[in-house]
Amino acid sequence: MNKAQKAKRNWLIVLILTAVLGVAGIPGTVITASAGIYPLMAVCIALIVHAFYGTVFYAFAFIAASNTVKVLKVWESAGITDIDEMSAAVMLRKNDTRTAMKRCIERGYIAGYTLTEKGFEPINDHRDKNAERFCRYCGRKLSDGQEVCPSCGAPAKSKNQP
C-alpha cells in the first residue's frame, strides 16, 4: 500500500506545483515584459502553458492513483476479489474498478494474482500440497511453517487459501 499511497501523494504534489507555478507565470510575464527581460518572459509563458495543459493530465493521474489506493484498501481489509463486489465497495464504475485492479497488478502492488473477467485470481490456483506459497502483499516466497512474511510482516495464509 505504501508504494500506491506515495504515487498518489506525488501526483498531488505535481498537480499543486503546476497550478501554483502557472498562476505565478501570469504576473511574471507582465513584469518581465515591461522590464524587457524577454528570455525570462518566455519561461513565464512556458509555465502558464504547462499549467494550462498539465493540470488536466495531472488531475486525471491523481484520480487514477486515488482509485488504485481505494481498491488496495478494500482488497487488504475485506479480501474482496470479485470485480462487481469491488465496484460496489469502492463506489466506482465497473470499468474504472477493472482499470484500478489492473494497475495494482501491473505496478506490483498486488503479487501472486492475475486479473480475469471475474476479478483477482491467484496465479497458483491448483492448490496442491506442494504448491509454493507467496506473500499476498509483497510477493515474497514463503517457506513452510512461516506464520508471518519476513519481508513485510503480513500474516501468511495456509496453502489451501487464496
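Along each chain, numbering runs from 1 in the same order as the chain's sequence is written. Residues qualify for local features only when their pLDDT is at least 70, as the model is predicted, and side-chain atom pairs are given and counted only at 80 or more; totals for whole chains, interfaces and linings, by contrast, use all residues. As a convention, hydrogens and water are excluded, and side-chain values are obtained from all of the structure's heavy atoms.

## Points about the overall build of the protein
Regarding its fold elements, the protein presents 4 helices and 4 strands. Ordering the α and β elements of the protein from the N terminus gives α-α-α-α-β-β-β-β. It is over C-alpha atoms that the radius of gyration is taken, and the globule rule equals 2.2 Å times the number of residues to the power 0.38. Compactness check: the protein gives a C-alpha radius of gyration of 22 Å against a globular reference of 15 Å for 162 residues, more than 25% above the reference. Across its three principal directions, the C-alpha atoms of the protein cover 80 × 35 × 20 Å. Partly exposed describes any residue whose relative accessible area lies between the buried limit of under 20% and the exposed limit of over 50%, with all areas from a 1.4 Å probe on protein chains only and scaled to the type maximum. Residue burial in the protein is summarised as follows: out of 162 residues, 30% are buried. Intrachain contacts of the protein at a sequence separation of at least 6 include 46% that bridge at least 24 residues. With the model as given, the accessible surface of the protein reaches about 10,000 Å², and the carbon-plus-sulfur share is 61%. Counting rule for charge: Lys and Arg are taken as positive, Asp and Glu as negative, and neither His nor the chain ends is counted. Note on charges: their place is set at NZ of Lys, CZ of Arg, CG of Asp or CD of Glu. Charge separation in the protein, taken as the distance between the mean sites of 21 positive and 13 negative side-chain charges, equals 7 Å. Numbered from the N terminus, helices here are DSSP runs of H or I no shorter than four residues, and strands are runs of E no shorter than two. Whether two residues touch is decided by their heavy atoms; if any such pair falls within 4.5 Å, the residues are in contact. Accessible surface is estimated by sampling points in the Shrake-Rupley manner with a 1.4 Å probe; for residues, cover comes only from the protein chains shown.

## Structural notes on the nonpolar core
Grouped together as the largest cluster of nonpolar side chains are 18 residues, with contacts concentrated most on Val 71, Met 86, Cys 104, Ile 110 and Phe 120. Put simply, the parts of the chain that give this core at least two residues each are helix 2 (38-78), helix 3 (83-90) and helix 4 (94-106). Ignoring any residue separated from it by four or fewer positions in sequence, one finds Met 86 in contact with Val 71, Val 74, Trp 75, Ile 80, Thr 97, Met 101 and Phe 120. Throughout, nonpolar core names a set of buried Ala, Val, Leu, Ile, Met, Phe, Trp, Tyr and Cys residues whose side chains join them through atoms within 4.5 Å.

## Focus: a nonpolar patch on the surface
On the surface, a nonpolar cluster with roughly 440 Å² of combined accessible area is contributed by Ile 45, Val 49, Phe 52 and Tyr 53. Tracing the backbone through its elements, the reader meets Ile 45 in helix 2. Grouping into patches uses exposed residues only, defined as over 30% relative accessible area, and leaves out salt-bridged ones; the cut-off is 9 Å for like charges and 5 Å for nonpolar side chains (Val, Leu, Ile, Met, Phe, Trp, Tyr). Here a salt bridge means any side-chain nitrogen of Lys or Arg lying within 4 Å of a carboxyl oxygen belonging to Asp or Glu.

## A short note on the packing of helix 3 against helix 4
Taken N-terminus to C-terminus, the directions of helix 3 and helix 4 make an angle of 100°; their axes are 9 Å apart at the nearest point. What the angle tells us is that helix 3 and helix 4 run roughly perpendicular. Of helix 4, the residues touching helix 3 (which contributes Ile 83, Asp 84, Met 86, Ser 87 and Val 90) are Lys 94, Thr 97, Arg 98 and Met 101. Among the residues forming the contact of helix 3 with helix 4, the class breakdown is 4 nonpolar, 2 polar and 3 charged. Every axis in this analysis is a line fitted to C-alpha atoms, fitted for helices over the stretch in contact. Angles between the N-to-C directions lie between 0 and 180 degrees. The scheme is simple: roughly parallel for angles under 35 degrees, roughly antiparallel for over 145, roughly perpendicular for 65 to 115, oblique for anything else. For this scheme, ten residues count as nonpolar: Ala, Val, Leu, Ile, Met, Phe, Trp, Tyr, Cys and Pro. Four count as charged, namely Asp, Glu, Lys and Arg, and the remainder, Gly too, count as polar.

## Some details on the environment of Thr 18
Tracing the backbone through its elements, the reader meets Thr 18 in helix 1 (residues 2-35). Here the alpha-carbon distance between Thr 18 and His 50, two residues 32 residues apart in the chain, equals 7.4 Å. Those residues in contact with Thr 18 that sit more than four places away from it in its chain are His 50, Ala 51, Gly 54, Thr 55 and Tyr 58.

## Here's the deal with the packing of aromatic side chains
Side-chain rings of Phe, Tyr and Trp, where Trp is taken by its six-membered ring, are said to pair if the distance between their centres is within 6.5 Å; with planes under 30 degrees apart they count as stacked, over 60 as edge-to-face, and otherwise as tilted. Summed over the entire model, instances satisfying the criterion amount to 7 aromatic pairs. Geometrically, the ring pair formed by Tyr 113 and Phe 120 is edge-to-face, given 6.3 Å between the ring centres and 70° between the ring planes. You'll find Tyr 113 and Phe 120 in the same group, each marked buried.

## Quick notes on the environment of Ala 61
Within the secondary structure layout, Ala 61 lies in helix 2. In this structure Ala 61 comes out as buried when scored by relative accessible area, which is 15%. It is 6.6 Å that separates the C-alpha atoms of Ala 61 and Trp 11, two residues lying 50 residues apart in sequence.

## Considering the confidence of the model for the protein
Each residue carries a pLDDT score, the predictor's confidence in it, ranging from 0 to 100. Of all residues in the protein, 91% have pLDDT values of 70 or greater, and the mean over the chain is 87. Per-element confidence in the protein is highest for helix 1, whose mean pLDDT is 95, and lowest for strand 3 (residues 133-134), whose mean pLDDT is 76. Within the model, the stretch residues 158-162 combines pLDDT values under 50 with 11 contacts to residues more than four positions away or in other chains.

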